[in-house]
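Architecture at a glance
Residue strings, one per chain:
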Amino acid sequence: WDMVRQSAQGGTQTQALAAAMVGPILLGAAQEVEEVVVSYREDDPASLLEDDGHIKLVALSVDRSDMVSKLLERRRRGANPISALSNGNFATINIRARLIPFVKRRFPPLVWVPQVTRRTLVDDLVAGLTVGVMAIPQAMSYAAIVGVPYVIGLYTAFVPVVVYAFLGTSRQLVVGPVAMESLLIASGLSGLLTESECPKWHAHGKSSLKSQSQLCPEEYTALVLATTFVVGLLETVSSIFGLGVLLRFLGKPVITGFTAGSAIVIMTSQLKDVFGIKIPNSETLQEVVKNIHAEAHHTSGLCVALALAFIAYLLFHRFVTRHRVLKRYLWWLQPLGPLIVVIVGALMLGNSPYLQSKLKYVGHIPEGMPPARVPITSEMLGRVFPTAFGAFVVGDMEAIAIGKGLADKHGYSIDSTQELLAQGVANLVGSFFSCYTATGSFSRSAVNDMVGGKTQLAALISALVVMFTLLFLTSWFFWVPKFALAAIVITSVIPLVDVGSAIQLYKMSKKDFVVWLTAASLVMFLGILQGIAAGVALSLAIVIYETAKPQIIILWRIPGTTIYRNIKQESTGTFIPNVFICRLGSSLYFANVVYVKEMLLKYVE
């Protein structure tokens, strides 16, 4: 068309007019279009050749559109590997994407490493050091919840972080040990060791004041590592076959209810170290309260006083560093609260033989890099699968939600499928290096973002801080009191009891509030896995109920137009005599077809 325009502009008026008429026809034929709109000044077709004239291609031809529809169908099949394989379309999976974009999706550092500048390098260095310092006491505290040695928590804050940094698409997410996963694993694996594996515990049963993790630490740790392996396997398989869509059935009401109930159970489970007493580990609120009441006469007043003082300090520290005025000057102190508590507690006990004789402390933590080991045997698979599945669902929902929130804030997007793969490989590799299940940490990710972390380089630096601690500094934590770690856990999970979300759900949807209340109550009084299962079942029941009785929207015509609107949204409208027009709120299928038929007959009788 440009060639036609240029040749005609130098010719006569007749040549210009002929070009203006014939040009669009030629252009339409060349582009295989069905309709062409020609724009030019009124009474001057030759103006089409000037700069203000233009041609608009409105619709492709039928043949061309058919080609496009087939292309879109191939793309749809390519997005579902199972469908592509079942149709024998191997090329759709392996060759559809170009090599470079494919490699960049699977290895995100190729995207963010070229964007690193001196400024972002400094930001990541500061953020990494800050998160690393924060991760050390948290990792030890969460390991205590699981019931594994403290050093396992440090391993988990090191190996999975490094693996995720090379595969994850979120630039601010920090993975590692978290409170929810820790409680879920401890709850799910409680009492699963067989009599041959832990005869001491089976000799006393649940009446024993010591758990299997205390009486048979090696065997219990092996069970935890097997769980981590299965979690990683589930995440990896889900990413390969696109099964992450199943996580959508665990909606916000279930997640927030589960989180609130779990946080309350976590807080009560830490009271034994606050009171300085020995009680059996339990996964329900009523059992914990009952056991504490039974051993209350052994409470150490000194331990309670110091623990409450540490809790008060941590709450005050959080308030001051997040105050809208003071945080301008004290923001850098926010992640240091747990470390300050650990250091103060260690100095107190390390310099006081009296406190050493009265209070429980961490003790020896082995130095060195994580040892390699085979994490699972075929015999363990069936025992740990229910716990692993629960950890997989909850952990990945939490990680992807945190990652998406941070990505939206910074104007980029994350790939949920790649996130599943990154989490899966991180847990698979971690299970071979004595790590328990890792997922996205809300608190450490928030601090990483607040301090200015720009890429996963910050996470790598935090991992180096933990590695340095493992190699040279573990002896410094010998005298850390257990009540200090309990104080860290309690103050960390208090914000997870989000009463505001419950109130909002109650105002917006009573059904969602019932789901929240059910999940929270069952987690507290029946157990973690039971609460998750009941919450998911209730969510599915509500979805089925809604689709079985779909909304039937009655439409009428806006006067003077051919537009039809909902009678509840338009105050005035007109009906066509003897014609009833409606729109269904969902697809028709066997469960709702009878209801729709009955309602339509009622409307038109």
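What this report covers is the structure whose coordinates are included nearby. It should be emphasised that the depicted structure is a prediction, and the values quoted were computed from it without experimental measurement. (Residues numbered from 1 in each chain as written. Predicted model: local features only at pLDDT ≥ 70, side-chain atom pairs only at ≥ 80, totals over all residues. Heavy atoms only, no water.)

All right, on to the overall build of the protein then. Of the regular secondary structure elements, the protein holds 30 helices and 7 strands. Within the protein, the proportion of its 605 residues that are buried is 45%. Restricting to contacts in the protein with at least 6 residues of sequence separation, those with at least 24 account for 76%. Accessible area for the protein stands at about 30,900 Å²; split by element, carbon and sulfur atoms hold 64% of it. (Helix = DSSP H or I, 4+ residues; strand = E, 2+ residues; numbered from the N terminus. Buried < 20%, exposed > 50% of the residue type's maximum accessible area, 1.4 Å probe, protein only. Contact = heavy atoms within 4.5 Å. Areas by Shrake-Rupley, 256 points an atom, 1.4 Å probe, with all protein chains shown as cover.)

Strand order in this open sheet of 3 strands is β6-β5-β7, and the pairing throughout is antiparallel. The open sheet has two free edges, formed respectively by β6 (564-566) and β7 (582-584), since each of these has just one partner strand. Pairs of neighbouring strands in the sheet enclose a mean axial angle of 35°, with direction left out of account. Sheet topology places strand β5 (residues 552-557) next to β7; 3 bridges connect them, and they run antiparallel. Its bridge partner lying in β7, Ile552 is registered against Leu584. Across the face of the sheet, helix α30 (residues 593-604) comes into contact with β5 and β7 while running at roughly 40° to β5. (Pairing = 2+ DSSP bridges. Axes fitted to C-alpha atoms, helices over the stretch in contact; angles between N-to-C directions.)

Moving on: the layout of surface pockets. Computed from the structure, the second largest pocket encloses a volume of approximately 1,400 Å³. Lining the second largest pocket are 49 residues, and of these Ser211, Ser213, Gln214, Lys272 and Asn281 lie nearest its centre. (1 Å grid on protein atoms, 1.4 Å probe; cavity = no way out; pocket = protein on both sides within 12 Å on 5 of 7 lines; lining within 4 Å. Points joined across faces, edges and corners; volume = space filled by probe spheres on them.)

Before going further, it helps to spend a moment on the pairing of β5. Here β5 lies mainly inside the structure; 5 of its 6 residues are buried. Hairpin connection from β5 to β6: 6 residues lie between these consecutive antiparallel strands, with Gly560 at a positive phi of about 80°.

On to helix α11 (residues 179-189). Every α-helix carries 3.6 residues per turn, so stepping three or four residues along brings you back to the same face. Burial of α11 is extensive: 11 of the 11 residues sit out of reach of the surface. Listing the buried residues of α11 in full gives Ala179, Met180, Glu181, Ser182, Leu183, Leu184, Ile185, Ala186, Ser187, Gly188 and Leu189. At the exit of α11 stands Gly191, carrying a positive phi of roughly 75°.

It is worth spelling out a nonpolar patch on the surface at this point. Among the surface-exposed residues, Phe102, Val103, Phe107, Leu110 and Phe166 lie close enough to one another that they form a single nonpolar patch of about 390 Å² accessible area. Owing to a relative accessible area of 33%, Val103 belongs among the partly exposed residues under this scheme. (Patch = residues over 30% accessible without salt bridge, like charges linked within 9 Å, V, L, I, M, F, W, Y side chains within 5 Å. Salt bridge = Lys/Arg side-chain N within 4 Å of Asp/Glu carboxyl O.)

Two side chains bearing opposite charge may form a pair once their charged atoms approach each other closely. Within the structure shown, the criterion is met by 6 salt bridges. Between Glu379 and Arg383 there is a salt bridge; the shortest N-O distance is 2.7 Å. Within this pair, Glu379 and its partner Arg383 are both found in helix α22 (residues 378-410), separated by 4 residues, close to a single helical turn. Among the residues examined, Arg383 registers a relative accessible area of 17% and is labelled buried. With a closest N to O distance of 2.5 Å, Lys511 and Glu546 form a salt bridge.

This next bit is on the packing of aromatic side chains. Taken as a whole and judged by the stated rule, the model has 14 aromatic pairs. With a centroid separation of 5.2 Å and 70° between ring planes, the pair formed by Phe310 and Phe483 is classed as edge-to-face. Residue Phe310 is found in helix α18 (residues 301-322), and its partner Phe483 is found in helix α26 (residues 482-493); the two are separated by 173 residues along the sequence. A residue is classified by how much of its surface remains accessible, and Phe310, at 9% relative accessible area, is buried. Of the residues examined, Phe483 reaches a relative accessible area of 1% and is grouped as buried. Centre to centre, the rings of Tyr361 and Phe478 are 5.8 Å apart; their planes meet at 40°, and the pair counts as tilted. Separated by 117 residues along the polypeptide, Tyr361 in the loop between α21 (353-358) and α22 and Phe478 in the loop between α25 (457-473) and α26 bring together distant segments of the chain. Relative accessible area serves as the criterion here: at 29%, Phe478 is assigned to the partly exposed category. An aromatic cluster of at least three residues, connected via ring pairs, comprises Tyr361, Phe478 and Trp479. (Phe/Tyr/Trp six-rings, centres within 6.5 Å; stacked < 30°, edge-to-face > 60°.)

With their axes 6 Å apart at the nearest point, helix α27 (residues 499-508) and helix α28 (residues 510-525) run at an angle of 145° to one another. On α28, the residues touching Ala502, Leu505, Tyr506 and Met508 of α27 are Lys510, Asp512, Phe513 and Trp516. Residue composition of the contact of α27 with α28, grouped by class: 6 nonpolar, no polar and 2 charged. (Nonpolar A, V, L, I, M, F, W, Y, C, P; charged D, E, K, R; others polar.)

The residue Cys582 is located in strand β7 in this model. Separated by 27 residues in the primary sequence, Cys582 and Leu555 place their C-alpha atoms 5.3 Å from one another. Filtering out sequence-adjacent residues up to four positions away, Cys582 remains in contact with Ile552, Ile553, Ile554, Leu555 and Leu600.

Applying the stated criterion across every chain, the model contains 1 disulfide. Across the disulfide, Cys198 is cross-linked to Cys216 (sulfur-sulfur distance 2.1 Å). Taking the torsion about the sulfur-sulfur bond, which here is approximately 85°, the covalent link between Cys198 and Cys216 counts as right-handed. Residue Cys198 is found in the loop between α11 and α12 (199-204), and its partner Cys216 is found in the loop between α13 (212-215) and α14 (217-240); the two are separated by 18 residues along the sequence. (Disulfide = S-S within 2.5 Å.)

Another aspect to go through is the packing of helix α8 (residues 118-146) against α25. Relative to each other, α8 and α25 sit at 45°, their axes nearing to 7 Å. Classified by the angle between their axes, α8 and α25 sit oblique to one another. Along this stretch, α8 crosses α25, giving a crossing that reads as right-handed. Between α8 and α25, the residues in contact are Leu121, Asp124, Leu125, Ala127, Gly128, Leu129, Val131, Gly132, Val133 and Ile136 and Leu457, Ala458, Ile461, Ser462, Val465, Val466 and Thr469, respectively. Of the residues in the contact of α8 with α25, the class split is 12 nonpolar, 4 polar and 1 charged. (Parallel < 35°, antiparallel > 145°, perpendicular 65-115°, else oblique. Left-handed = near helix turned anticlockwise from the far one by under 90°.)

What follows deals with the side chain of Thr387. Inspection of the secondary structure puts Thr387 in helix α22. A relative accessible area of 1% means that Thr387 is categorised as buried. Contacts of Thr387, omitting those with residues within four sequence positions, involve Leu184, Ile185, Gly188, Leu189, Thr227 and Leu529.

Inspection of every chain in the model, using the stated rule, returns 1 cavity of 30 Å³ or more. Approximately 40 Å³ is the volume attributed to the largest cavity. Broken down by element, the lining of the largest cavity gets its largest block of residues, 3 residues, from β5.

A few words on helix α24 (residues 442-451). If you check which residues of α24 are buried, you get Arg444, Ser445, Val447, Asn448, Asp449 and Val451. Packed against the buried residues of α24 are α8, β3 (175-176), α22 and α25. Remark: Gly452 follows α24 within two positions and exhibits a positive phi of approximately 115°.

Turning next to the side chain of Gln212. Relative to the elements of secondary structure, Gln212 occurs in helix α13. Looking at Gln212, the relative accessible area reads 4%, which means it is buried. At 3.3 Å, the side chain of Gln212 forms a polar contact with the backbone nitrogen of Leu192. When residues no more than four places from it in sequence are discounted, the contact partners of Gln212 are Leu189, Gly191, Leu192, Leu193, Cys198, Trp201, His202, Pro217 and Tyr220. (Polar contact = N/O pair within 3.5 Å; in protein donor to acceptor, adjacent residues only side chain to side chain.)

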